[in-house]
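Summary of the model geometry
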Amino acid sequence: MMNRSMIIERVSRWMTPFIFLYGVYVILYGHLSPGGGFPGGVIMSSAFILILLAKGKKQALQSLPYGLAKKLDAIGALAFILTALLGFMFTGVFFANFLQQLWPGEPFRLLSSGTIVLNNIAIGIKVCASLFLVMLFLSILRIPLDEKGQIESMEDR
Amino acid sequence: MEALLISLLIFMIISAVVALRTDELLSAVIAVGAVGFGSSAVFLLLRAPDLAITQIVLEVAALVLLIRATISIGVRTTSAGRRGWRPVAIAAAAFMFLVFTSFSFRDMPEFGVPVMDRVVDAPSIFYLENGLRSTGAPNHVMAVLLDFRAYDTLGEATIIFTAVFGTLTLLRKSGKKSRYPNENASESQTKKAELLEDSGDDE
């Protein structure tokens, strides 16, 4: 069903870095312009999903291996909690924006607003790895069809 | 403005009905995508760009996931469970739900009037006044999501984490405990490695 034609491979090879860069931009500028961690992470994962759709599973696993994706998912979640605990250690309030309270930055700059940037990055990495893993697993395993094109019963899977 | 919103909502309703009534699974998935795109346009018209970006991106990603996961061109849905008393019971339950929630519509402000104009000590007044000063982030949505109400975002991140790892656990093909405990445990490990290093076409 999928034509692995040369046009798709070439175009996807050129477009993937720009899609990834746009995802990184949406994450990093989340506190200045609309966006944030969640859509930025999904855009980053769509770069890898494009590699998976256009070039197959082997190339996609070379670009982001399976073990690395699982570790990135866990690291993103743990980094989010780590900034919360660091806020507790520094100021005594869980999830406090301790960077902004102790070393305030100028507004409208990229490195302002404290732990918001760190939390955005953590969530972005987490969502990227998660969606890539789900897409990988859903493309490895297929629901078999019987001759009429109906999904056959799930009892004997 | 309101006419545009109403026409978008009618488009979404028609797409949802098409998604329900069509026979082919691929058409149903595309119609669900049309509902998502209409909803993103509604968010943009109601001046919520963060929601519009998130909705479009997640809708496209969810569509790609759904299409890739389920189907090729010619799959049709079954009509089991569409006739009989079940749809009537579900419709009756939804109608009762609508009746009971319509009682709460009397206390809500009108369309387009924010809550902080009607309630004196709404927390949104505090968030909008102190957003830039306390957090340093001009994007008040991010300031609320990741500073004032960061605990809820922790819950959301946990939801994504649990959902994804639950999906991966359910969809793995090997590593399950076999019925015959004499089977070699290392055999399942090599099967998993083969599954992921399978070169070539994944058709």
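Let me begin by describing the structure that accompanies this report. (Residues numbered from 1 in each chain as written. Chains lettered and ligands numbered in written order. Predicted model: local features only at pLDDT ≥ 70, side-chain atom pairs only at ≥ 80, totals over all residues. Heavy atoms only, no water.)

Here the focus is the packing of aromatic side chains. All told, the structure shown has 16 aromatic pairs over all chains when counted by the stated rule. Look at F161 of chain B and F165 of chain B: their rings are 5.0 Å apart centre to centre, the planes differ by 50°, and that puts the pair in the tilted class. Taken as a pair, F161 of chain B and F165 of chain B lie in helix α8 (residues 150-171) at a separation of 4 residues, close to a single helical turn. Here the aromatic cluster, defined as three or more aromatic residues joined through ring pairs, consists of F80, F94 and F95 of chain A together with Y151 of chain B. Positioned over the ring face of W85 of chain B is R86 of chain B, at 5.6 Å from the centre of the ring. (Phe/Tyr/Trp six-rings, centres within 6.5 Å; stacked < 30°, edge-to-face > 60°. Helix = DSSP H or I, 4+ residues; strand = E, 2+ residues; numbered from the N terminus. Lys NZ or Arg CZ within 6 Å of the ring centre and 35° of its normal.)

On to helix α2 (residues 37-55) of chain A, then. All names here are of chain A. For α2, spanning 19 residues, the distance from its first C-alpha to its last is 27 Å, which sits close to the expected 27 Å at 1.5 Å a residue. With 15 of its 19 residues buried, α2 lies for the most part within the structure. Among the residues trailing α2, G56 stands out with phi positive, at a value near 100°. (Expected span 1.5 Å × (residues − 1). Buried < 20%, exposed > 50% of the residue type's maximum accessible area, 1.4 Å probe, protein only.)

Our focus in this paragraph is unusual backbone geometry. You will see that F95 of chain A, though not glycine, has its phi angle at about 65°, which is positive. Its location among the elements puts F95 of chain A in the loop between α4 (66-91) and α5 (98-102). Phi at R47 of chain B is positive, roughly 60°, even though this residue is not glycine. On the secondary structure map, R47 of chain B appears in the loop between α2 (25-45) and α3 (49-70).

For the largest pocket, the calculated volume is near 1200 Å³. Looking at the lining of the largest pocket, the elements with two or more residues in it are α2 and α6 (115-140) of chain A together with α1 (2-21), α2, α3, α6 (123-135), α7 (140-148) and α8 of chain B. For the lining of the largest pocket, the element with the most residues is α8 of chain B, which contributes 6 residues. Of the residues that constitute the lining of the largest pocket, the class distribution is 28 nonpolar, 7 polar and 4 charged. (1 Å grid on protein atoms, 1.4 Å probe; cavity = no way out; pocket = protein on both sides within 12 Å on 5 of 7 lines; lining within 4 Å. Points joined across faces, edges and corners; volume = space filled by probe spheres on them. Nonpolar A, V, L, I, M, F, W, Y, C, P; charged D, E, K, R; others polar.)

Turning our attention to empty space enclosed by the protein. All told, the structure shown has 2 cavities of 30 Å³ or more when counted by the stated rule. Lining of the largest cavity is provided by T83, A84, F95, A96, T115 and N119 of chain A together with L146 and A150 of chain B. Broken down by secondary-structure element, the contributors of at least two residues to the lining of the largest cavity are α4 and α6 of chain A. Classifying every residue of the lining of the largest cavity by side-chain character gives 5 nonpolar, 3 polar and no charged. Its boundaries defined by the atoms lining it, the second largest cavity holds a volume of some 30 Å³. Around the second largest cavity, the lining residues are G37, F38, N120 and I123 of chain A together with M142, L145, L146 and T153 of chain B. Counting residues per element, the ones that place at least two in the lining of the second largest cavity are α2 and α6 of chain A together with α7 of chain B.

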